[in-house]
Amino acid sequence: MAEAATGKAIRILMVEDSALDAELITAQLRRAGLPFTFERTWSHDGLVQALGAGGFDVILADHVLPGFDGDAALALASELAPEIPFIFVSGTLSEELAVEALKRGARDYVVKSRLQRLPDAVVRAIHEADERRRLLSVEAELHDSHQRLKLITDSLPALIAYFGHDHRFRFANNAYVEWHGLTPDSLVGKHTREVIGEEGFAEVQRHLERVLSGEKVSFEMLSRRSIGEPRHAQIDCVPELAPDGSVLGYYAMARDISELKLAQSLLTASNASLERQVGERTAELHRSESRLKALFESSFQHQNLLSLDGRIIDTNSASLAAILADKDDVRDAIYCESAWFADTPGVPQVVCAAVDQAAAGTASRHELELRLPTGKRAFEFSFRPLLDHNGQITAVVSEAVETTARRQAEEALRQSQKIEAVGQLTGGIAHDFNNILTVIAGNVEYAKMLTDRLGDSAGNSSRALDNAMKGVMRAANVTQRLLAFSRRQPLKNMPVDLNVQLRGMQDMLQRSLGELVQIEMVYSPDIWCVEIDPSQLEASILNLAVNARDAMPEGGRLTIEVDNIHLDEDYTAQHPDVPSGQYAMVRVRDSGQGMSADVMTRVFEPFFTTKEVGRGTGLGLSMVYGFAKQSGGHVLLDSTEGVGTTITLLFPRSATALPSVRLADDQALNAYEAQDETTVLVAEDNDDVRAYTVETLRQLGYRVLEAHDGPSALRLLERNEANVDLLFSDIVMPGMSGWALAKQALGQQPDLRVLFTSGYPRDIEASGAVGRNIAILPKPFTRTDLARSILGALREDSPAHAGSALN
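All of these numbers come straight from a predicted model, not from anything done at the bench. (Residues numbered from 1 in each chain as written. Predicted model: local features only at pLDDT ≥ 70, side-chain atom pairs only at ≥ 80, totals over all residues. Heavy atoms only, no water.)

**Student:** I'd love a proper account of the sheet that holds strand S19 (residues 517-522), names of residues and values included.
**Tutor:** The strand order S19-S21-S22-S24-S23 describes an open sheet built from five strands, whose pairing is mixed. Unpaired on one side and paired on the other, S19 and strand S23 (634-640) mark the two borders of the sheet. The average angle at which neighbouring strand axes cross in this sheet is 15°, direction not considered. Examined bridge by bridge, S19 and strand S21 (residues 556-567) share six bridges and lie parallel to one another. Within S21, the residue paired with Ile519 across the bridge is Leu558. Contacts from helix H15 (residues 498-513) reach S19, S21 and strand S22 (581-590) within the one sheet, and its direction differs from that of S19 by about 175°. Strands S19, S21, S22 and strand S24 (644-652) of the sheet are contacted by helix H16 (residues 534-550), whose axis makes an angle of about 170° with S24. (Pairing = 2+ DSSP bridges. Helix = DSSP H or I, 4+ residues; strand = E, 2+ residues; numbered from the N terminus. Axes fitted to C-alpha atoms, helices over the stretch in contact; angles between N-to-C directions. Contact = heavy atoms within 4.5 Å.)

**Student:** Outline the nonpolar core, listing residues and values.
**Tutor:** Formed by 37 residues in total, the largest nonpolar core has its most connected members in Leu498, Leu502, Ile532, Leu537, Ile541, Leu558 and Ile560. Elements with a minimum of two residues in this core: H15, S19, strand S20 (530-532), H16, S21, S22, helix H19 (620-630) and S24. Those residues in contact with Ile541 that lie beyond four places of it in its chain are Leu502, Met505, Leu509, Ile560 and Val586. Membership of the second largest hydrophobic core comes to 25 residues, among which are Leu187, Leu212, Phe219 and Tyr250. (Core = buried A, V, L, I, M, F, W, Y, C linked by side-chain atoms within 4.5 Å. Buried < 20%, exposed > 50% of the residue type's maximum accessible area, 1.4 Å probe, protein only.)

**Student:** I'd like to hear about the sheet that holds strand S7 (residues 108-111), residue by residue, with values.
**Tutor:** Backbone hydrogen bonds hold the strands of a sheet together, and the pairing may be parallel or antiparallel. Taken together, the five strands give an open sheet; going across it, the order is S2-S1-S3-S6-S7, and neighbouring strands pair in parallel fashion. Both outer strands of the open sheet, strand S2 (36-41) and S7, are each paired with one neighbouring strand and no more. On average, each strand axis in the sheet is tilted by 25° relative to the strand beside it, whichever way the strands run. Sheet topology places strand S1 (residues 10-15) next to S2; six bridges connect them, and they run parallel. Bridge pairing in S2 places Leu13 opposite Glu39. The sheet strands contacting helix H3 (residues 70-80) are strand S3 (58-61) and strand S6 (86-90), and the helix crosses S6 at an angle near 165°.

**Student:** Give me the lowdown on empty space enclosed by the protein, citing residues and values where you can.
**Tutor:** By the definition in use, this model includes three cavities of 30 Å³ or more. Taken together, the elements giving at least two residues each to the lining of the largest cavity come down to strand S8 (159-164), helix H6 (175-180), helix H8 (192-212), strand S10 (217-223), strand S11 (231-241) and strand S12 (247-255). Looking at the lining of the largest cavity element by element, the count peaks at five residues for H8. For the lining of the largest cavity, a count of residues per class yields 16 nonpolar, three polar and no charged. What lines the second largest cavity is Glu95, Glu96, Val99, Glu100, Leu387, Asp388, His389 and Gly391. Looking at which element gives the most residues to the lining of the second largest cavity, the answer is helix H4 (residues 95-103), with four residues. The residue makeup of the lining of the second largest cavity, split by class, is two nonpolar, two polar and four charged. (1 Å grid on protein atoms, 1.4 Å probe; cavity = no way out; pocket = protein on both sides within 12 Å on 5 of 7 lines; lining within 4 Å. Points joined across faces, edges and corners; volume = space filled by probe spheres on them. Nonpolar A, V, L, I, M, F, W, Y, C, P; charged D, E, K, R; others polar.)

**Student:** Explain the state of the cysteines to me, and be specific about the residues and the numbers.
**Tutor:** Summed over all chains, the structure comprises one disulfide. The disulfide partner of Cys336 is Cys352, and the gap between their sulfur atoms is 1.9 Å. Torsion about the S-S bond of the Cys336 and Cys352 cystine: about 55°, corresponding to right-handed handedness. Pair noted here: Cys336 is in the loop between helix H11 (327-330) and helix H12 (347-359) and Cys352 is in helix H12, with a separation of 16 residues, a long-range link. (Disulfide = S-S within 2.5 Å.)

**Student:** Describe the packing of aromatic side chains, with residues and values.
**Tutor:** In total, this model carries 14 aromatic pairs according to the counting rule given. Ring centres of Phe163 and Phe169 lie 4.3 Å apart, and the angle between their planes is 55°; this geometry places the pair in the tilted category. For the pair Phe163 and Phe169, a shared accessibility class is recorded, and that class is buried. An aromatic cluster is built from Tyr335, Trp340, Phe341, Phe379, Phe381 and Phe383, whose rings are joined through pairwise contacts. Above the face of the Tyr523 ring, Arg503 is positioned so that its terminal group lies 4.3 Å from the ring centre. (Phe/Tyr/Trp six-rings, centres within 6.5 Å; stacked < 30°, edge-to-face > 60°. Lys NZ or Arg CZ within 6 Å of the ring centre and 35° of its normal.)

Okay, here's the thing in structure tokens:
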């Protein structure tokens, strides 16, 4: 009903002392889409003042007010503004008090625990008020019409009268005073023969019988008058017919022919107006009755009416749809043993007890999770007694609101908040750690290069430096996993054929997993293209495969399957963070030990592991989760203890074609040598990283300028003698990010080459460059990594010239 309301704003006078309840009421009305304005008061004087100002469409009043109650407010509103519908909105109003309030003039009542009913109640009350005003207007118009008719007939010289089926007067005009010396009031109830005599009645009787048979009769007669000479008059008699065709009475007019025609026309028009008004009022009564009958069936709540012994009297469509039944299937059945509760252990006893309590006069609420023919669903049930006008309990009402979607959304929100909080923490740690590792890796590599020049005299120093570099690389791998979980690692997305990618991993997987694990690869001939980082995909699959091997210590079967899948809206409704659409999937299934429910809730947390101390970091599955989410995909987990585990990676389908196999070409990089006149501008806020980078580039033969932030770098670019060929900038810097620096720099020098670096590029998304082919050197980087990336960025055909990607 609320949806049927017009767009005109409803003016609401709210008599409510609780600001919170007022906010809940207005929130419910807004949720229903009702346009409205409201004024709130909670005192006698405030209500009098507001009603005096007028202009309200409906009054919403609490029943309990400080120093003032709802009954008094109703009485005051009935006195000062009876035309405004009055609705109680209260948490304390009982059924008996509500019935009494309705008797005293309230249009409806809404319990605050059922505010979802309020919008319909408001719209219905306003509509009924409009109908009452219209009906009063019609009745007033009808009364005015009767008065005008009497005035008209009294002003005419002709005799005008209305007779019942028994020929007795029901109405007569003032002309009878002149003609017969009788007032209209004295004529009412008299028989025609008493006025015109037996002889006159005998003369007209045959004409009147025709009138009573339904005919319109016109005849002439000699009419005697109380004073003066008899007057020859033409008599026109018109019967009044009921809707079924029977004659209720007739109108008689005696006058000159010309006057008769005029009076007959007026009377006919008056009859038509009366019949139309009666018909309209009857039709409106039928519509009102239909609305009341439809209210029960149209409710979105599950509603059941029960006898005092707990048997079903009636149930609405929403409740029947949940168990796929008809009314005839459940009528007179015991409610607590019906299909709503029979398949859920323990629930029938709870419902039986609640029905018994309600039959004894005690209402109750219960949150129940039911196994229904339509699936497992959660509801909030209420059981309350139904009282008659004497306060006697006549039945029990069961109402239920489904809470399945709300519970699922709450659980999804809790999980998302937990993972997001841990992700922010791990991402921040990785950022600082990468800067430290960059300095360590570069200096270890430089020390190794100097040691190698000493040859055999270096002794074990070279081996120690090799081990140190391996430790740095392992630490860098840990930070990359942290960044993967927090969804902040820079991905090098490109079109990927999952079939080709997995075929290339088959030999490596077989060597890694050993002979006890039997591997089965299932490919899809029509696999869709996806845009992801292939190296991260390989790392994820390898992590999943190693975890599967550890779950099968005595050996087993590992199946890796590639296929296409479409997620519809029914599935995404259960997983709000996953949009519907087309996905390509990689499913890794093992026959191992499986996981318990508790382990499954924590399996994607970083550092969580079920392995003993010294085996694994607990970052494998968290990295897989972060990689899938950052790639726009999703991870599905299904595991049963003693049966095995299945983990499915979903990646959105790409509109690009599947890539063709291309050979890497590193010769061009090797052929490029640094030129003495090549100038590199280094923008880095970390002093140690900047010092290491500048020193390394100068050792490689470059002319180097350095800046500790973006504005300093821009000032260096403005110098005419700078002639900068390449901007090497950190992405995350205080004040001005690397993206903003590159945009302004390219505005000054469109031919400038750009190379970015970062250990935690948080604002890649904000740049709008996600997935673009922009060169990024991830931290930590070694001397070799830096040299190769600088050469690649300076190549003539390098995509690192990022002007189009950044603008």
